[in-house]
Amino acid sequence: MLRMALPTGRMLKQATPFLEAAGYAPAEPLSDTRKLTVPSKCGRVEYLLVKPVDAPLYVEQGVAEVGVCGKDVLMEVGADLLEPLDLGFARCRMVVAGRPEIERKLDNLLSPVRVASKFPRVAQHYFFKKGTPCTVFKLSGSVEIGAVLGLSHYIVDIVETGATLRENGLVVHEEIAECSARLAVNRAAWYAKLAEVRELLNNLKQAVEGGKP
Ligand code: PRP
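Residues numbered from 1 in each chain as written. Predicted model: local features only at pLDDT ≥ 70, side-chain atom pairs only at ≥ 80, totals over all residues. Heavy atoms only, no water.

## Considerations on the overall build of the protein chain
When its secondary structure is counted, the protein chain shows eight helices and 11 strands. Rg of the C-alpha trace for the protein chain: 19 Å, near the compact-globule value of 17 Å for 213 residues, within the 12% margin. Taken along the three principal axes of its C-alpha coordinates, the protein chain extends 55 × 35 × 30 Å. Looking at the protein chain residue by residue over its 213 residues, the buried ones come to 46%. Long-range pairs, those at least 24 residues apart, make up 67% of the contacts in the protein chain with a sequence separation of at least 6. For the protein chain, the exposed surface amounts to about 10,700 Å²; the carbon and sulfur share of it is 52%. (Helix = DSSP H or I, 4+ residues; strand = E, 2+ residues; numbered from the N terminus. Rg over C-alpha atoms; globule rule 2.2 N^0.38 Å. Buried < 20%, exposed > 50% of the residue type's maximum accessible area, 1.4 Å probe, protein only. Contact = heavy atoms within 4.5 Å. Areas by Shrake-Rupley, 256 points an atom, 1.4 Å probe, with all protein chains shown as cover.)

If you want it as structure tokens, here you go:
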């Protein structure tokens, strides 16, 4: 049996029908339970319900052999794991956003900019590459407030529908990356449990290609 780290919250809703389509339906609904581990009906996978940002760590450390991880979180955490499959759901964009009136080129600015983000490493790295000095404030949610109320010039955040930016009067200035859910695999498990991991990968791949859900 394989253990799969599965992020709670927004991604869990989209992951559940996908896992069902791949033949790994959970033995009970995942959204309401307070249990931390839930078996699959087929008995070949056990789900470990974790906070999205923690999922790569559980996989890297081998607590779970595999995990569903957002590309955004993988970029931020930089864990040492294999990333063999784009699962094709939870699509979003990682962007630099801010108020429309401060729109300006982000390259090689002389005066430091302030940036608020749930992804401080990504933000720091992005502005470093642009040659623009920045101070990054790490926030854990509602990041848009940072730009709306003047804590920061910019935010680095994910955009899915764009509604949160729109409704708060913010605009996208630059796109950093396209993101989606990925299957991450523990390096040792790739060899030690190759047959099981391969079977899982094949079934998930078919669900991706079948366009389900
Ligand atoms: C994410 C993200 C944005 C919002 C974007 O936050 O940080 O705030 O969703 O989605 P949209 O483009 O569809 O509006 P989330 O809902 O995960 O909550 P949080 O701000 O508390 O982290």
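Past the structure itself, the notes keep going.
## Thoughts on the domain arrangement of the protein chain
The parts lose accessible area when they come together, and the size of an interface is often stated as this lost area. Domain boundaries assigned for the protein chain yield domain 1 (2-90 + 180-209) and domain 2 (92-177). For domain 1 and domain 2, the distance between their C-alpha centres works out to 29 Å. Counting from both sides, the interface comprises nine residues of domain 1 and, opposite them, 11 residues of domain 2. Between domain 1 and domain 2, a total of about 800 Å² is buried, with carbon and sulfur atoms accounting for 52% of that surface. Taken together, the links from domain 1 to domain 2 amount to one salt bridge. (Domains from an automatic or database assignment. Buried area = accessible area lost by both parts, 1.4 Å probe. Salt bridge = Lys/Arg side-chain N within 4 Å of Asp/Glu carboxyl O.)

## Concerning the site of the ligand
In the region of the ligand, 13 residues are neighbours, and Lys118, Glu144, Asp157, Thr161 and Thr164 sit closest. One of the backbone N or O atoms of Gly162 is found 2.7 Å from an oxygen atom in the ligand. Within the complex, 73% of the 490 Å² of free accessible area of the ligand lies under protein. Most atoms of the ligand, that is more than half of them, are within 2 Å of grid points of the largest pocket. Mapped by element, the contributors of at least two residues to the shell around the ligand are strand 9 (154-159) and helix 6 (163-167). In terms of residue count, the dominant contributor to the shell around the ligand is strand 9 (three residues). Residues that form the shell around the ligand fall into these classes: three nonpolar, five polar and five charged. (Near = heavy atom within 4 Å. Polar contact = N/O pair within 3.5 Å; in protein donor to acceptor, adjacent residues only side chain to side chain. 1 Å grid on protein atoms, 1.4 Å probe; cavity = no way out; pocket = protein on both sides within 12 Å on 5 of 7 lines; lining within 4 Å. Sits in = over half its atoms within 2 Å of the grid points. Nonpolar A, V, L, I, M, F, W, Y, C, P; charged D, E, K, R; others polar.)

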